[in-house]
Structure formats: C-alpha cells, structure tokens
Amino acid sequence: MNQPNLKSVSIRDDVVFGENVTVVQPVNLYGCEIGDKTFIGPFVEIQKDVKIGQRTRVQSHAFICELVSIGDDCFIGHGVMFINDLFAKGGPARGDTTLWKNTKIGNHVSIGSNATILPVEICDHVVIGAGAVVTKNITQSGIYAGNPARKIKDLESNG
Ligand SMILES: CC(C)(COP(=O)(O)OP(=O)(O)OC[C@H]1O[C@@H](n2cnc3c(N)ncnc32)[C@H](O)[C@@H]1OP(=O)(O)O)[C@@H](O)C(=O)NCCC(=O)NCCS
C-alpha cells in the first residue's frame, strides 16, 4: 500500500522571536520574524519572510503568507486569510513567485474574524469588519466592511 509523504507542523529554528512572545501550539511557523510581546494563537500558519511587529495579536486559524508585513499593536482576528497570489495568469502561480504581490499592514490595524486581505497596503488606525474582503489599498483611517470592503464609518479615536 502507498504511504503519503508525511510532514508535520512545527516552529522551525529559523523563526526570529522578540522578547516575551507567546505562541499557543500547534502552529506552523517558518522563516518569519515576530516582534516583542506579540501573541500567536493556535492553528496559525506564518510563512517565510513575514514580519510582524510588537504587541500584535494573531488569533487562531489565521493564515499569513509570504510577502506580508504587519505593524505594531495590530489585531488579526480568527481565520483571517492573506493572499499573495491573485491567479493573475488564470490560475495559481505554481511556484512562479514573480507573480506574487505584497501586503503591508500599518500600526493599530484590527482585522475582524474571517476577513480576506488581498495584496494591498492598509494605513495606520484602521478597523476591518468580520468577513470583509479587502481588494484595494486603504489610505484613510476608518472602519471598513463588506465585500468588496468599503468605508462605513470614521474611527472615533486613533487610540
Ligand atoms: C465592522 C464593525 C467594526 C462595525 O461595528 P459598528 O461600528 O458597531 O457598526 P454597526 O453595528 O453600527 O453597523 C453599521 C452598518 O454596517 C453593517 N456592518 C457591520 N459590520 C459589518 C460587517 N462585518 N460586514 C458587513 N457589514 C457590516 C451593519 O449591518 C450596519 O449596516 P446598516 O447601517 O445598513 O444597518 C463590526 O461590525 C465588526 O465586524 N467587527 C469585527 C469584530 C471581530 O471580528 N472581532 C474578532 C474578535 S471576536
């Protein structure tokens, strides 16, 4: 009988952790950088070259792919999905990383559960609603929701 090629989730030793980082296992982390006092919940995957700042929370089941960077004091809700491959040539890039695109999340950005973030830039002090699909850069602080995500409100404070 055939046997599958088994691999396991792990925290590879090339992950760079700041001080006082908390990780709830199991997670799959490799080649990424996690800043001081950041929290990583269970069932999270963070791929290589991702950078996450300080005091950020990444809740369970989030997927953070290559070419994503996330700032300080952010909240990445449960099941938030980042995307770097837009299927630009009618399907997956199948390893052609020249087709992948970057995402940059600023500081004090809170992303609600199950939101999907296409390759975009999001400025500081933004809230993204649960289930939103962010398809365009967000350059103004505020609350955004829906598919595609649109601004629904100003943020009352930048705190
Ligand atoms: C987007 C959000 C921040 C807005 O909260 P709010 O300012 O209190 O907004 P309101 O409840 O007053 O809703 C304003 C309008 O936006 C709509 N709306 C609210 N959240 C929405 C969402 N996630 N997606 C689509 N529309 C949404 C409401 O239906 C309402 O529409 P209406 O004016 O037509 O009635 C909030 O609803 C949300 O999604 N938070 C995410 C929380 C989360 O995921 N937490 C994770 C940890 S548990």
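Look up a bit, the structure's there.
Residues numbered from 1 in each chain as written. Predicted model: local features only at pLDDT ≥ 70, side-chain atom pairs only at ≥ 80, totals over all residues.

Taken together, 13 residues form the shell around the ligand, and within it Gly-112, Ser-113, Gly-129, Ala-130 and Ala-145 come nearest. Each residue belonging to the shell around the ligand can be placed in one class, and the counts come to six nonpolar, six polar and one charged. (Near = placed C-beta within 6 Å. Nonpolar A, V, L, I, M, F, W, Y, C, P; charged D, E, K, R; others polar.)

Okay, the pairing of strand β19 (residues 142–145) next. Sheet topology places strand β17 (residues 126–128) next to β19; three bridges connect them, and they run parallel. Its bridge partner being in β19, Val-127 is matched across the sheet by Ile-143. From the end of β19 to the start of strand β20 (residues 150–153), which pair antiparallel, there are four residues, and Gly-146 there has a positive phi angle of about 95°. (Pairing = 2+ DSSP bridges. Helix = DSSP H or I, 4+ residues; strand = E, 2+ residues; numbered from the N terminus.)

The strand order β1-β4-β7-β10-β13-β16 describes an open sheet built from six strands, whose pairing is parallel. Edge strands, defined here as strands with exactly one partner in the open sheet, are β1 (16–17) and β16 (121–122). Relative to strand β7 (residues 51–52), strand β4 (residues 33–34) is paired through two bridges, and the arrangement is parallel. The residue bridging Ile-34 from the neighbouring strand is Ile-52, located in β7.

Let us look at the sheet that holds β20. In spatial order, the strands read β2-β5-β8-β11-β14-β17-β19-β20; together these eight strands make up an open sheet with mixed pairing. Looking along the sheet, the strands with just one partner apiece sit at the ends: β2 (22–23) and β20. Relative to strand β8 (residues 57–58), strand β5 (residues 39–40) runs parallel, the two sharing two bridges. Among the inter-strand pairings, Phe-39 is bridged to a residue of β8, identified as Arg-57.

Bringing unusual backbone geometry into the picture now. A cis amide bond links Gln-25 with the next residue in sequence, Pro-26, at an omega value of 5°. Of note, Pro-26 is situated in the loop between β2 and β3 (28–29). Its identity as a non-glycine residue notwithstanding, Asp-49 has a phi of 70°, on the positive side. Relative to the elements of secondary structure, Asp-49 occurs in the loop between β6 (45–46) and β7. One non-glycine residue, Asp-73, lies in the positive phi region at around 60°. Note on placement: Asp-73 falls in the loop between β10 (68–70) and β11 (75–76). Classification of Asp-73 as partly exposed rests on a count of 19 C-beta atoms within 10 Å. (Buried ≥ 20, exposed ≤ 12 C-beta atoms within 10 Å, placed from the backbone.)

Note on placement: Cys-32 falls in the loop between β3 and β4. Taking the C-alpha atoms as reference points, Cys-32 and Asp-49, separated by 17 residues in sequence, lie 4.9 Å from one another. Setting aside its immediate chain neighbours within four residues, Cys-32 contacts Val-15, Ile-46, Gln-47, Lys-48, Asp-49 and Val-50. (Contact = placed C-beta atoms within 7 Å.)

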